[in-house]
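The residues making up each chain are set out below.
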Amino acid sequence: SSVAAPPPTAGPPEHLFRSSVRLRAGFASVNSVAEARVEVNFRALERAGALRIRLLDGTQVVAVRTRLEERSAGDYTWRGRLVGPREKKTAGDVVLTVKDGAAAGVLYTSRGVYRLIPRAGGEHRLALTGQGAPEGGTERECAGSIEPPAPAETQMSFTMQSMAPLTDSPDRQDVLIVYTQKARSEAGGTAALEATMQNAVDLTHTAYDNSQVTPRINIVHMQEIDHREKRQFSQDLAWVRDDPEVNALRDQYGADMVALIIHNLASCGAGYLMSTPSVDFHPNAYQVTAWDCAGGNLTLPHEFGHNQGADHNPEDATNYPTGAAYPWSYGHYIDGDYRTVLSYSFQCVVYCTRHPYISNPNIIFNGDPTGIVGDRENYRTINDTAIYVANFRHSVTSCGNGVIEGTEECDGGDLNGATCSAFGHSQGTLSCNTDCTYDSSDCHTCGNGVREGGEMCDGADLAGLSCSDFGCTGSGSLGCMATCDDFDLSACTGCAVCDNNGVCDPGEDCSGCGDCFSSAGTQCGDGVCDIAVGEDCVSCAVDCNGVQGGQMSNRYCCGNGGQNPVGCSDPRCNEAGFSCSGQTGGASCCGDLLCEGIENSCNCAVDCGPAQSFELSCSNGVDDDCDTLIDCADTDDCTGDPACPTCEPQGASCTSGDECCSGNCKGKKNSKVCK
């Protein structure tokens, strides 16, 4: 159910976290690149119109509340968008869910995807995820869209109902979520796990809202189930599909689809794929998702997407183009930029972070359509199959059948002729909650001086923000666009234009400011040994250091070729005027707010964010903390890391060759050094 949310309080943004302590080990999820223990300011979540959020690199971002969805006391979702020049091209979705004292959430920032992870005992973690990001991390994908087998005996009881009229509204799809004891334990307890699942559903609706998808997912029940997890997702999927207890719960609560939540570090999920749109698919409307992938990696909507007839991007789909519900039922990606919910990352040479979008060529993200007409339009798939999915089980209550009955204000798409005007507003879309009451949270009147219904600002109501929140250091006044969907900086002063200080500042870019460099892409002779594109001491000796003659023990080659190839972490690759990079280098323009090509935090912080305080990874070929020491050469951070050999670099004192990375220890007694 949904109750009226209180209006946000006036005043400047409030801090989301009261405290933050950076962790070096013991991460809550293998998907994390870095984590901090944080104390959540629940009071700010309940009342603030804007939140100030400190990220793990020390940067502070501001999120403006666009909607507060309250299901009941202590059970609500805070929705907002990040503001500022760096967030313009990221959409900046922020979705924070609170349930029974646990907070779960995801922030899509220009610095990466962050998760708020609830833990046992009321503890919370802020985590920078590695999904699709150039700085690394563990990348886990769906284990497959699986062709369903013949229905088991436990599924036969519903066969006659499949012949009944399609009476339930396509606008609501009821789901049952069951989870294992291991998943509950690893997630931090019941409250933590169920908050994470509600957040995954909230993120599903974010993807739907971004992509013109009509149905809403409604959790009718969550419960722990007795199941010993299998080695493979396909085995867990077959088990949950045929288990009598699960099917009894499904019938009891009238669930159209079922999700089994487990703890599995190998992949993120699996689901049966509906290749022929029909209510007769009902025995196979099951999926399995790893708890820590459900929201942050958007795996819950990904696997439900298979049940709804949607498949992966064509290159990784099952029997493309005939294996999914329709010829257009496929995901989309842009290499080096993003991928939609159903797309894999395997085709991305650089990286492509998964964002909350269902493929739709009518929707633009980062300047590109999020689909291809007639080929990658999963938004159509989910909309077109909704009438079948919503009738996999008939609702156990009259609410949800698409017909207004009894005390219902509305039901599904039947709003009884009402519009936002009934609530005193001239704009927005009135909808129906899953409990058949009106949802006016999108209704608003731009120009009345009050932020409401998804507005970022309205007149003088600027969510407590000022010009300084947008990087402007002078005087002047922040304003609001006439459309109420963005801020107006035209009257702000001191905003960076081009101050010729040698630093590419916010507002400056390579097209008109000498502080910002541009590059046509990596090429031999550019002064950087770009091993990610195949350069080495043989193919590009001018950029890549190496010795290929003389004694074999003295030979090495920066890059992946030659004799004794070594990576950028070897200090010899970054000495004597040489520089080595493990990043893929395409064309780049520092200042365009896209971190790409040879850009990094060291040479273009305006696009890539400030440097980290230490090496995030000791094997990614990137100087994360900009101290000129890459990976294992940064002994302050990487000594003892499994990725780093326990050997001494060139020039270090030694007693035998076994101590040297080169295997060569020479010199007089008591003064030997590694050669």
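Numbers given to residues run from 1 along each chain, matching the order in which its sequence is written. Thresholds applied to this predicted model are a pLDDT of at least 70 for local features of residues and 80 or more for the giving and counting of side-chain atom pairs; totals over whole chains, interfaces and linings are not thresholded and use all residues. As a rule here, side-chain values cover all heavy atoms of the structure and leave hydrogens and water aside.

Predicted confidence across the chain gives a mean pLDDT of 86, with 89% of residues reaching 70 or more. Every residue is assigned a pLDDT by the predictor, reflecting its confidence on a scale from 0 to 100. Helix and strand definitions here come from DSSP, where helices need a minimum of 4 consecutive H or I residues and strands a minimum of 2 consecutive E residues; each element is numbered from the N-terminal end. Mean pLDDT across the elements of the chain ranges from a minimum in strand β11 (residues 142-146), with 69, to a maximum in strand β14 (residues 257-262), with 98. Residues are treated as being in contact if the distance between any of their heavy atoms lies within 4.5 Å. In this model residues 132-138 is a low-confidence stretch, pLDDT under 50, and it forms 20 contacts with partners more than four residues away in sequence or in other chains. Here residues 156-163 scores under 50 on pLDDT; set against residues more than four positions off or in separate chains, the count is twelve contacts.

Take the pairing of β14 next. Burial status follows relative accessibility: with a 1.4 Å probe on protein chains alone, a residue under 20% of its type maximum counts as buried, one over 50% as exposed, and anything between as partly exposed. Most of β14 is tucked away, with six of its six residues classed as buried. Of the two faces of β14, the one carrying Met257, Ala259 and Ile261 and the one carrying Val258, Leu260 and Ile262 are both buried. A pair of strands counts as paired when DSSP detects no fewer than two bridges linking them. In this structure, strand β12 (residues 172-179) lies alongside β14, joined through five bridges in parallel fashion. In the sheet register, Ile177 faces β14, and the bridge partner there is Ala259. By the bridge criterion, five bridges tie β14 to strand β16 (residues 286-290) in an arrangement that is parallel.

We call a pair of cysteine sulfur atoms a disulfide when they lie within 2.5 Å. All chains considered together, the criterion is met by 15 disulfides. Paired through a disulfide, Cys457 and Cys480 show a sulfur-sulfur distance of 2.1 Å. Between Cys457 and Cys480, the S-S dihedral sits near 80°, and the bridge is therefore right-handed. Placement of the pair is Cys457 in the loop between β23 (438-439) and β24 (479-480) and Cys480 in strand β24, with a sequence separation of 23 residues. For Cys457, a relative accessible area of 0% puts it in the buried group. Judged by relative accessible area, Cys480 falls into the buried class, the value being 18%. Two residues share a disulfide in this structure: Cys660 and Cys674, whose sulfurs sit 2.0 Å from each other. For the disulfide bridge between Cys660 and Cys674, the dihedral angle about the S-S bond is near -80°, and by the sign convention the bridge is left-handed. Taken as a pair, Cys660 in the loop between α9 (635-638) and β33 (665-666) and Cys674 in strand β34 (residues 673-674) lie far apart in primary sequence, 14 residues in all. Like Cys674, Cys660 is buried.

This next bit is on the environment of Leu300. Structurally, the position occupied by Leu300 is in helix α6 (residues 299-307). Taking the relative accessible area as the measure of exposure, Leu300 reaches 0% and is therefore buried. On a C-alpha basis, the gap between Leu300 and Thr289 in space is 6.3 Å, while along the polypeptide they are eleven residues apart. Each residue touching Leu300, except ones within four places of it in the same chain, is listed here: Met197, Ala200, Val201, Ala259, Ile261, Gln287, Thr289 and Ala294.

Let's shift gears to the environment of Gly58. One can find Gly58 in the loop between β4 (50-54) and β5 (60-72). For Gly58, a relative accessible area of 28% corresponds to the partly exposed category. For Gly58 and Pro610, which are 552 residues apart along the polypeptide, the C-alpha to C-alpha distance reads 8.3 Å.

Let's shift gears to the side chain of Asn199. Among the secondary structure elements, Asn199 is positioned in helix α3 (residues 190-210). Within the local environment of Asn199, its side chain forms a polar contact with the backbone oxygen of Val95, the two atoms lying 3.3 Å apart. Here a polar contact is taken to be a pair of N or O atoms separated by no more than 3.5 Å, where protein atoms must pair a possible hydrogen donor with a possible acceptor and residues adjacent in sequence count only if both atoms sit in side chains. Reaching out from Asn199, the side chain makes a polar contact with the side chain of Thr97 at a distance of 3.0 Å.

This part is about the pattern of salt bridges. Put simply, a salt bridge is a Lys or Arg side-chain nitrogen that is within 4 Å of an Asp or Glu carboxyl oxygen. According to the stated counting rule, one finds 22 salt bridges in the structure shown. Residues Glu377 and Arg380 are paired through a salt bridge, measuring 3.0 Å at the closest nitrogen-oxygen approach. Close ionic contact of Arg451 with Asp461 constitutes a salt bridge, the shortest N to O distance being 3.5 Å. Taken together, the residues Arg451 in the loop between β23 and β24 and Asp461 in the loop between β23 and β24 connect sequence positions ten residues apart.

Moving on, we come to the nonpolar core. In these notes, a set of buried Ala, Val, Leu, Ile, Met, Phe, Trp, Tyr and Cys residues joined through side-chain atoms within 4.5 Å is what counts as a nonpolar core. Among the nonpolar cores identified, the biggest contains 62 residues, and Met197, Val240, Met257, Ile261, Leu300, Ile358 and Phe392 are the most heavily contacted of them. Tallying contributions element by element places α3 first for this core, with seven residues. Those residues in contact with Met257 that sit more than four places away from it in its chain are Gln173, Asp174, Val175, Leu176, Ile217, Arg250, Ala285, Phe304, Asn307, Gln308, Val389 and Phe392. By size, the runner-up hydrophobic cluster in this structure holds 30 residues, among which are Leu16, Val33, Ala44 and Ala48.

Axes here refer to lines fitted to C-alpha atoms; in helices the fit is confined to the stretch in contact. Angles between the N-to-C directions go from 0 to 180 degrees. One can describe the packing of helix α4 (residues 233-242) onto helix α5 (residues 244-253) by two numbers: an axis separation of 5 Å at closest approach and a directional angle of 55°. When the axes of α4 and α5 are compared, the pair comes out oblique. Between α4 and α5, the residues in contact are Trp239, Val240, Arg241 and Asp242 and Pro244, Val246 and Asn247, respectively. Split into classes, the residues belonging to the contact of α4 with α5 amount to four nonpolar, one polar and two charged. An angle below 35 degrees is treated as roughly parallel, one above 145 as roughly antiparallel, one from 65 to 115 as roughly perpendicular, and anything else as oblique. Residue type decides the class: Asp, Glu, Lys and Arg count as charged, Ala, Val, Leu, Ile, Met, Phe, Trp, Tyr, Cys and Pro as nonpolar, and the leftover types, Gly among them, as polar.

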